[in-house]
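Topology and contacts: notes
Listed below are the residues making up each chain.
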Amino acid sequence: MANGGVYFYRIAALNAGGESPLSTETKVTLAPDAPVIAPPVGGDKQVTLTWERVAGATAYNVYWNTSGAVISKDQKIPAATSPYVHQNLANGLTYQYQITAVNAGGETAAAPVRVTLVPDAPAAGSASAGDKQTTVQWSAVPGATGYTVYWNAGGKVTGRDAALDALKAPLPHTGLANGGSYYYRISARNEAGASPLSQEFSTTLAPDAP
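Right, let's walk through the structure included here. Model, not experiment: these values are computed from the prediction. (Residues numbered from 1 in each chain as written. Predicted model: local features only at pLDDT ≥ 70, side-chain atom pairs only at ≥ 80, totals over all residues. Heavy atoms only, no water.)

Now for the sheet that holds strand β17 (residues 171-174). The strand order across the open sheet formed by three strands is β13-β14-β17, and the pairing between neighbours is antiparallel. Of all the strands in the sheet, just β13 (126-129) and β17 have a single pairing partner and so form its edges. Averaged over all pairs of adjacent strands, the angle between their axes in this sheet comes to 25°, without regard to strand direction. Where β13 and strand β14 (residues 133-137) come together, four bridges link them in antiparallel fashion. Note on β14: the bridge partner recorded for S126 is Q137. (Pairing = 2+ DSSP bridges. Helix = DSSP H or I, 4+ residues; strand = E, 2+ residues; numbered from the N terminus. Axes fitted to C-alpha atoms, helices over the stretch in contact; angles between N-to-C directions.)

Let us now look at the sheet that holds strand β5 (residues 41-42). Through backbone hydrogen bonds, the strands of a sheet pair up, either in parallel or in antiparallel fashion. Spatially, β5-β6-β9 is the arrangement adopted by the three strands of the open sheet, whose pairing is antiparallel. The two strands at the open ends of the sheet, each matched to only one other strand, are β5 and β9 (84-86). Where β5 and strand β6 (residues 47-49) come together, two bridges link them in antiparallel fashion. Directly across from G42, in β6, lies its bridge partner V47.

Turning to the packing of aromatic side chains, a few remarks are in order. Under the definition given, this model contains five aromatic pairs. Where Y184 meets F201, the ring centres are 5.7 Å apart and the plane angle is 25°; that geometry is what we call stacked. Here Y184 is found in strand β18 (residues 181-190), whereas its partner F201 is found in strand β20 (residues 201-204), with 17 residues between them in sequence. Look at Y184 and you get buried, because its relative accessible area is 0%. A relative accessible area of 9% means that F201 is categorised as buried. (Phe/Tyr/Trp six-rings, centres within 6.5 Å; stacked < 30°, edge-to-face > 60°. Buried < 20%, exposed > 50% of the residue type's maximum accessible area, 1.4 Å probe, protein only.)

Here it is, written out as structure tokens:
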């Protein structure tokens, strides 16, 4: 038999005298196979879920949480269609999903999948000037495991400029020239990748003594 199929039956009783008339017809529907899920794709505050159509399935349910193993009591998105875009999520969190195929015979769950969203961009930081150095400060971003500080001496900082690696703030930036101005933007990162860059900020070092 094939999962998802519908099977019809009529029954006859037998004895030495022969076979009775057939019973009224009855039918049974087998629960569908579990759907095959593609790796979920994380975006900015959203996740795209894709799965293959299952023979005999009449609907698909998506269960999800951010706390661990998914169970049937978790948040449910009923009657979802593939691809399904789960929106209005929080960047920096890990989302777990379980997708089920449904028909009159029951509900069959696929193996759960998970995806982590990139962090939000850090809020604009600040840089305080010292002697041939600055100290770069910023607020921690939820879900970030590290930060990249991009900088230059002319403004309009991009992700192609020189970069400094940091696990947290503050970050001393040494070896600079007194009298110069320095511009910064910060990106937060985690296992999913890097966030957009923060707004630019800058500071100017005092000149050397004459």
